[in-house]
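Secondary and tertiary structure notes
If you want the building blocks of each chain, they are given just below.
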Amino acid sequence: MAAAAGALLVAPASAAASTSTDCSSPGAYGSATWTWAGRGALRDLRLTAVDTADDSRIAGVRLYTLDTAGHTHYRQWRLNANGSGSSQSWTTSLDDARGISRVGVKAAAFDDRGYRQLCGSASSANPLR
């Protein structure tokens, strides 16, 4: 019992804690929550796109990561085409052999020509790298 209690004290508190980031652009709000799972892994990754305007546009959200060498990697857009006032979420995980030093989110409202205005959140640092 004492050994198990000691092991719990050694584990970083941030490893079990959920981290989040978000941003708003005209017509779209995007957020991400996740749990750090090591040097290059995110678990319980939940992306949410909210359509905030009645403008016939589609709200989108995507994750961006910085690897341990400082290179930015943009992940695929997740699109909420359910209309004004709607929210859509996706739950997944992410593993990157290059390591993940920081994570942030981008959001935008799309039409046939692309997005009108993009927002980007501040990125959160990986406490386990």
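That block above? That's the structure.
Let me begin by describing the structure that accompanies this report. (Residues numbered from 1 in each chain as written. Predicted model: local features only at pLDDT ≥ 70, side-chain atom pairs only at ≥ 80, totals over all residues. Heavy atoms only, no water.)

**Section: the state of the cysteines**
Inspection of the entire model under this criterion finds one disulfide. A disulfide bridge connects Cys23 with Cys119, and the sulfur atoms are separated by 2.1 Å. An S-S torsion of about 65° defines the bridge between Cys23 and Cys119 as right-handed. Placement of the pair is Cys23 in strand 1 (residues 18-25) and Cys119 in strand 9 (residues 114-120), with a sequence separation of 96 residues. (Disulfide = S-S within 2.5 Å. Helix = DSSP H or I, 4+ residues; strand = E, 2+ residues; numbered from the N terminus.)

**Things to note about the sheet that holds strand 3 (residues 41-51)**
With antiparallel pairing, the four strands of this open sheet are ordered in space as 1-2-3-7. Looking along the sheet, the strands with just one partner apiece sit at the ends: strand 1 and strand 7 (87-95). Each strand axis lies, on average, 15° off the axis of its neighbour in the sheet, ignoring direction. Both strand 1 and strand 2 (residues 28-36) contribute to a ladder of eight bridges, which runs antiparallel. Across the sheet, Cys23 pairs through a bridge with Gly30, a residue of strand 2. (Pairing = 2+ DSSP bridges. Axes fitted to C-alpha atoms, helices over the stretch in contact; angles between N-to-C directions.)

**Points about the nonpolar core**
Counting 17 residues, the largest nonpolar core has Trp34, Leu42, Leu63 and Val103 as the members making the most contacts within it. Contributions of two or more residues to this core are made by strand 2, strand 3, strand 4 (58-66), strand 7 and strand 8 (102-111). Here Trp34 is in contact with Ala17, Ser18, Thr19, Ser20, Thr21, Leu42, Arg43, Asp44, Leu45, Val103 and Ser124, once residues within four sequence places are set aside. (Core = buried A, V, L, I, M, F, W, Y, C linked by side-chain atoms within 4.5 Å. Buried < 20%, exposed > 50% of the residue type's maximum accessible area, 1.4 Å probe, protein only. Contact = heavy atoms within 4.5 Å.)

**Structural notes on the pattern of salt bridges**
By the definition in use, this model includes six salt bridges. A salt bridge links Asp95 to Arg43, with the nearest nitrogen and oxygen atoms 2.8 Å apart. Highlighted residues: Asp95 in strand 7 and Arg43 in strand 3, separated in sequence by 52 residues. As a salt-bridge pair, Asp111 and Arg113 come within 3.1 Å of each other at their nearest N and O atoms. On the basis of relative accessibility, which here comes to 24%, the residue Asp111 falls in the partly exposed class. (Salt bridge = Lys/Arg side-chain N within 4 Å of Asp/Glu carboxyl O.)

**What about the environment of Trp90?**
Position of Trp90 among the secondary structure elements: in strand 7. Residue Trp90 is classed as buried on the basis of its relative accessible area, which comes to 17%. For the pair Trp90 and Ala49, spaced 41 residues apart in sequence, the C-alpha separation works out to 9.0 Å. In contact with Trp90, other than residues within four places in its own chain, are Leu45, Arg46, Leu47, Ala49, Val61, Arg78, Leu79 and Asn80.

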